[in-house]
Amino acid sequence: MKFVTSNKHKFDEISQVFNNAGIQIEWLKLKYDELQEDFTESISYKSAMALKEIIDGDFFLEDTGLYIRSLSGFPGPYSSFVSKTIFNDGLLKLLVGKDRGAYFKTVVSLCIDRRILQFGGILNGTIAETPSGENGFGFDPIFIPDGLNKTLADMEISEKNEFSHRSRAIKHALLFLKNNNSLS
Ligand code: ITT
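*Asks:* Explain the packing of helix α1 (residues 8-20) against helix α6 (residues 165-179) residue by residue, including any values.
*Replies:* Two quantities define a packed helix pair, namely the angle between the helix axes and the distance between the axes. Closest axis-to-axis distance for the α1/α6 pair is 10 Å, and the angle between their directions is 45°. Classified by the angle between their axes, α1 and α6 sit oblique to one another. Regarding α1 and α6, the two cross each other, and that crossing is right-handed. On α6, the residues that touch Lys10, Glu13, Ile14, Val17 and Phe18 of α1 are Arg166, Ser167, Ile170, Lys171, Leu174 and Leu177. Split by residue class, the contact of α1 with α6 holds 6 nonpolar, 1 polar and 4 charged.

*Asks:* An account of helix α4 (residues 87-94) is needed here, citing residue identities and associated values.
*Replies:* By the burial criterion, the buried members of α4 are Asn88, Gly90, Leu91 and Leu92. As for α4, its buried residues are in contact with β3 (59-68), α3 (79-84) and β5 (115-127).

*Asks:* Any details on the pairing of β3? Residues and values, ideally.
*Replies:* Most of β3 sits inside the fold, with 10 of its 10 residues counted as buried. Of the two faces of β3, the one carrying Phe59, Leu61, Asp63, Gly65 and Tyr67 and the one carrying Phe60, Glu62, Thr64, Leu66 and Ile68 are both buried. As paired strands, strand β1 (residues 2-5) and β3 are joined by 2 bridges and run parallel to one another. Each residue of the ladder has a partner; that of Phe3, found in β3, is Phe60. Two elements, β3 and strand β4 (residues 101-112), share 10 bridges in a ladder whose sense is antiparallel. If you follow Thr64 over to β4, its bridge partner there is Thr106.

Rules and cut-offs
- Position numbers for residues start from 1 in each chain and track the written sequence from start to end.
- The predicted nature of this model means local features are confined to residues of pLDDT at least 70 and side-chain atom pairs, given and counted, to a pLDDT of 80 or more, with totals for whole chains, interfaces and linings taken over all residues.
- Hydrogens and water molecules were not included; the side-chain quantities draw on all heavy atoms of the structure.
- In this description, a line fitted to the C-alpha atoms serves as the axis of each element, helices being fitted only across the stretch in contact, and the angle between N-to-C directions of two axes falls anywhere from 0 to 180 degrees.
- In this text, helices come from DSSP runs of H or I with a minimum length of four residues, and strands from runs of E with a minimum of two, each type numbered from the N-terminal end.
- An angle counts as roughly parallel when it lies under 35 degrees, as roughly antiparallel when it exceeds 145, as roughly perpendicular when it falls between 65 and 115, and as oblique in every other case.
- The hand of a helix crossing depends on one turn: near helix anticlockwise from the far one by less than a right angle means left-handed, and clockwise means right-handed.
- Note on contacts: a residue pair is in contact if any heavy atoms of the two residues lie within 4.5 Å.
- In the scheme used here, Gly and all other residues not listed as nonpolar or charged are polar, with Ala, Val, Leu, Ile, Met, Phe, Trp, Tyr, Cys and Pro taken as nonpolar and Asp, Glu, Lys and Arg as charged.
- Burial classes: relative accessible area under 20% of the type maximum marks a residue as buried, over 50% as exposed, and values in between as partly exposed (1.4 Å probe, protein chains only).
- Here, strands pair whenever DSSP counts at least two bridges between them.

All quantities given are derived from atomic positions and should not be read as evidence of function.
Set out below in structure tokens:
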């Protein structure tokens, strides 16, 4: 099964989930053009539709967004843009005096037998007052999962994979693949 992403961190996280299930995945390292859409679901879906035209066989990709409740869900579908522009410091400035509740959402799009199926995963938490941690990537240093008192960047991949948005979405996809004998 091919996984399309330009992001090595995503590949490291996802390949560990597959490896734990005894399955190898192939990294198709490709930076595809993401169409800007209003929903993480539609960004993921339209990316898969475009890649379907150029990739032979089954594959999957995922799109992830960080949704901050007091900012009406921002950056959400604009997470890629925000991570290249105002990034964590900018988000922290926007949140001064505001509620810090947030969630990550990952939407996996699986292209199997030329059809596209989607699987989602959510992780609830809060945005930290200050960044912490050296691991992970992107918004990990400012995201504290509910029930913990450390950020995602304060943990190893294996711990993040126990409950993350990404691992939840991937585990749903994996279950589907197993039930359909679609793993190659
Ligand atoms: P693709 O090639 O797979 O599209 P990308 O890095 O552009 O890689 P996304 O558009 O899905 O991926 O994600 C947008 C940004 O959101 C990403 O660059 C990170 O900065 C951030 N992000 C995604 N997943 C994250 C996670 O698990 N933890 C922290 N930040 C994350």
